[in-house]
Amino acid sequence: MTTSPVPPRWQQVAAAAGLLDADGGVRATVFAEMSALAARTGALNLGQGFPDVDGPAPVARAAADAVLAGHNQYPPGPGIPALRQAVAAHRAARYGTTLDPDREVLVTTGATEALAAAVLALTGPGDEVLTLEPFYDSYAAVVAMAGARHTTAPLVATPDGFRLDADALAAAVTPRTRLLLLNSPHNPTGAVLRRDELEAVARLAVAHDLLVVTDEVYEHLTFGVPHVPLATLPGMAGRTLTVSSSGKTFSFTGWKIGWVTGPEELVTAVRTVKQFLTYVSGAPFQPAVAAALTDPAALAWVDDLVASLAGRRDLLAAGLREAGFDVVRPDGTYFVLADAAPLGYADGVALCRDLPALAGVVGVPVRAFTQPGSAADRALGSWVRFTFVKRREVLEEAVARLARLRTAV
Ligand SMILES: *Cc1c(COP(=O)(O)O)cnc(C)c1O
């Protein structure tokens, strides 16, 4: 067999995701490791962020009805017209954005596929893709799939939440930077970038003529602070692809109906790649999501979810503080970050491995979302991500168990 000097792309992906062992083997992600640990020990799993209560019953019924009504063959490649129209109508109502549903909206297999198709469509070898750090775990992998280089700028823990370091972001831009991939509301920190932070991002994008992809899957899930889409800022509409999804908004994370919106040339580029990744997806789910996005009752359900999530965030954050962690208040998403350093743990990975035995709870180390040795990796090495998108009873039990840490360590 001939050997290539370049590792096969799957190894580059595994390496970028931090999954390559020294002997060339591939290890499980820390998410899989922690979920297995939870299953083995009976610990409460606050590691993986998915709701333990489904979304609105009428929306689920609409999907079931669609199956029985025969929506079971390939839908149109760009998504069914009703869903593209609903996405455009929803963004018009919420953000005042005008979109042509036929040219500027594309339905995808979750936000994950939209992000992958966008990065593959717009970047390649020699390009840099700049993201915030810590970052959602699929970013490093898709940048590696594209053969591009992943550069980052840290979010910084402050008494006022995790905040953008605008100078660090500016310093991370080089002549090779092609794409800025921005996530707000941000997983894992829960940061919701303020307008002044987004204005700094927009100025940078315009000054360096960058393409921008925004990951806004938590656009609805903010607690008392507004979510501002970057595409609505001056100079941004023509260079920005906005990605969102029904999974987090309606608590149907397994449906995998997402979408990307933006200028026709960029959406066409993404569609060109997307059609050979999955072609289409979720025929019976598309009409259900289309109805939900424009149904006042379903949107009122989302408002109730947000109010309830804010209360659950407060419950878990207070419990973590009580247990001895330092906690930075998240303004959105499903997650809160907690620093284990005050408990004597310099390494969040070590705490996560010990936590089931110490307190019967599972979290995910923030180092699952950083590049080894980076500024963010060093600053957040002792931090752990916990999800609060679990029933109140589950969180109350978790808080009671975490209180044991006070005496255990
Ligand atoms: C959950 C999540 C996604 C994936 O969304 P899907 O629609 O399930 O593919 C993308 N980005 C972030 C930040 C997420 O938390």
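The structure presented is a predicted model; accordingly, all values stated were derived computationally and were not measured.

Trainee: How would you sum up the overall build of the chain? Please name residues and give values.
Mentor: Helix and strand counts for the chain come out as 16 helices and 14 strands. For 409 residues, the compact-globule estimate of 2.2 N^0.38 gives 22 Å, and the C-alpha radius of gyration of the chain, at 21 Å, lies within 12% of that figure. Reported as C-alpha extents along the three principal axes, the dimensions of the chain are approximately 60 × 55 × 50 Å. Residue pairs in contact within the chain that sit at least 24 positions apart in sequence constitute 75% of those at least 6 positions apart. Each charge sign in the chain was given a centre, from 34 positive and 40 negative side chains, and these centres are 2 Å apart.

Trainee: I'd like a description of the site of the ligand, backed by residues and values.
Mentor: Looking at the ligand, the residues that line it are G110, A111, T112, Y136, N183, N187, D215, V217, Y218, S245, K248 and K256. N187 has a polar side-chain atom sitting 3.0 Å from an oxygen atom of the ligand. Here a nitrogen atom of the ligand and a side-chain polar atom of D215 are 2.6 Å apart. Considered on its own, the ligand offers 390 Å² of accessible surface; in the complex 94% of this is hidden by protein. At 3 residues, helix α5 (residues 110–122) tops the list of elements feeding residues into the shell around the ligand.

Trainee: So what's going on with helix α3 (residues 57–68)? Residues and values would help.
Mentor: The terminal C-alpha atoms of α3 lie 16 Å apart, and with 12 residues this matches the ideal 16 Å at 1.5 Å per residue to within 8%. Residues of α3 that are buried: V59, A63 and A66. Projected onto a plane normal to the axis of α3, the buried residues spread over an arc of 60° and lie on a single side. Residues of α3 that are exposed and angled more than 90 degrees away from the buried face: P58 and L68. Downstream of α3 by a residue or two, G70 has a phi angle that is positive, lying close to 95°.

Trainee: Just give me the short version of the pairing of strand β9 (residues 257–261), but keep the residues and values in it.
Mentor: For β9, a buried count of 5 out of 5 residues is recorded, marking the element as mostly surrounded by other parts of the structure. Burial of β9 is two-sided: the residues I257, W259 and T261 facing one way and the residues G258 and V260 facing the other way are all buried. The pairing of strand β2 (residues 105–109) with β9 spans 5 bridges and is antiparallel. By the bridge assignment, L106 is partnered in β9 with V260. Pairing analysis gives 4 bridges linking strand β8 (residues 240–245) to β9, with the strands arranged antiparallel. Each bridged residue has a counterpart across the sheet, and for S245 the counterpart in β9 is G258.

Trainee: Residues and numbers for helix α10 (residues 264–277), please.
Mentor: Its 14 residues give α10 an end-to-end C-alpha distance of 20 Å, which sits within 8% of 20 Å, the value for a rise of 1.5 Å per residue. All of the buried residues along α10 are L266, V267, V270 and K274. On its buried side, α10 packs onto β2, α5, β7 (211–215), β8 and β9. Positive phi appears at Y279, one or two residues downstream of α10, with a value of about 65°.

Trainee: Let's hear about the sheet that holds strand β10 (residues 326–328): which residues, and what values?
Mentor: Taken in spatial order, the 4 strands make up an open sheet running β10-β11-β14-β13, and their pairing is antiparallel. Every interior strand has two partners, whereas the edge strands, β10 and β13 (364–365), have only one. Summarising the sheet, strand β11 (residues 335–339) and strand β14 (residues 383–387) pair through 5 bridges and their orientation is antiparallel. The partner of L337 across the bridge, within β14, is R385. Contacting β13 and β14, helix α13 (residues 348–359) runs over the sheet at an angle of about 50° to β14.

Trainee: Describe the packing of helix α1 (residues 9–16) against helix α6 (residues 137–145), with residues and values.
Mentor: Relative to each other, α1 and α6 sit at 150°, their axes nearing to 8 Å. As far as their axial angle goes, α6 and α1 are roughly antiparallel. Along this stretch, α1 crosses α6, giving a crossing that reads as right-handed. Here R9, Q12, V13 and A16 of α1 come into contact with α6, specifically with A140, A141, A144 and M145. Residue composition of the contact of α1 with α6, by class: 6 nonpolar, 1 polar and 1 charged.

Trainee: Provide a residue-level description of the nonpolar core, including the pertinent values.
Mentor: The biggest cluster of nonpolar side chains holds 96 residues, and the ones touching the most others in it are L83, L241, L316, L320, F325, F386 and L402. Counting residues per element, this core draws most heavily on helix α12 (residues 296–323), which supplies 11 residues. Apart from residues no more than four positions distant in its own chain, F325 is found in contact with L320, A338, D339, A340, L343, L351, F386, L402 and L405.

Trainee: Summarise the pattern of salt bridges; cite the residues concerned and give the values.
Mentor: Counting across every chain of the model gives 22 salt bridges. R239 is paired through a salt bridge with D209; the nearest N and O atoms lie 3.0 Å apart. Highlighted residues: R239 in the loop between β7 and β8 and D209 in the loop between α8 (195–207) and β7, separated in sequence by 30 residues. Salt-bridge contacts for E393 lead to R391; the nearest nitrogen and oxygen are separated by 3.5 Å. Assessed through its relative accessible area of 36%, R391 is described here as partly exposed.

Trainee: Outline the side chain of S382, listing residues and values.
Mentor: Its location among the elements puts S382 in the loop between α14 (375–379) and β14. What makes S382 buried here is its relative accessible area of 9%.

Trainee: Quick rundown of the pairing of strand β4 (residues 149–158)? Include the residues and the values.
Mentor: The pairing of strand β3 (residues 128–133) with β4 spans 6 bridges and is parallel. Looking at β4, one finds that L132 is bridged to A153. Of the strand pairs in this sheet, β4 and strand β5 (residues 161–164) are connected by 4 bridges, and their pairing is antiparallel. Looking at β5, one finds that L155 is bridged to L164. Taking the residues that link successive antiparallel strands as the turn, the β4-β5 hairpin has 2 residues.

Thresholds, definitions, all that
- Residues numbered from 1 in each chain as written.
- Predicted model: local features only at pLDDT ≥ 70, side-chain atom pairs only at ≥ 80, totals over all residues.
- Heavy atoms only, no water.
- Helix = DSSP H or I, 4+ residues; strand = E, 2+ residues; numbered from the N terminus.
- Rg over C-alpha atoms; globule rule 2.2 N^0.38 Å.
- Contact = heavy atoms within 4.5 Å.
- Lys, Arg positive; Asp, Glu negative; His and termini not counted.
- Charge placed at Lys NZ, Arg CZ, Asp CG, Glu CD.
- Near = heavy atom within 4 Å.
- Polar contact = N/O pair within 3.5 Å; in protein donor to acceptor, adjacent residues only side chain to side chain.
- Areas by Shrake-Rupley, 256 points an atom, 1.4 Å probe, with all protein chains shown as cover.
- Expected span 1.5 Å × (residues − 1).
- Buried < 20%, exposed > 50% of the residue type's maximum accessible area, 1.4 Å probe, protein only.
- Arc of directions from axis to C-beta.
- Pairing = 2+ DSSP bridges.
- Axes fitted to C-alpha atoms, helices over the stretch in contact; angles between N-to-C directions.
- Parallel < 35°, antiparallel > 145°, perpendicular 65-115°, else oblique.
- Left-handed = near helix turned anticlockwise from the far one by under 90°.
- Nonpolar A, V, L, I, M, F, W, Y, C, P; charged D, E, K, R; others polar.
- Core = buried A, V, L, I, M, F, W, Y, C linked by side-chain atoms within 4.5 Å.
- Salt bridge = Lys/Arg side-chain N within 4 Å of Asp/Glu carboxyl O.

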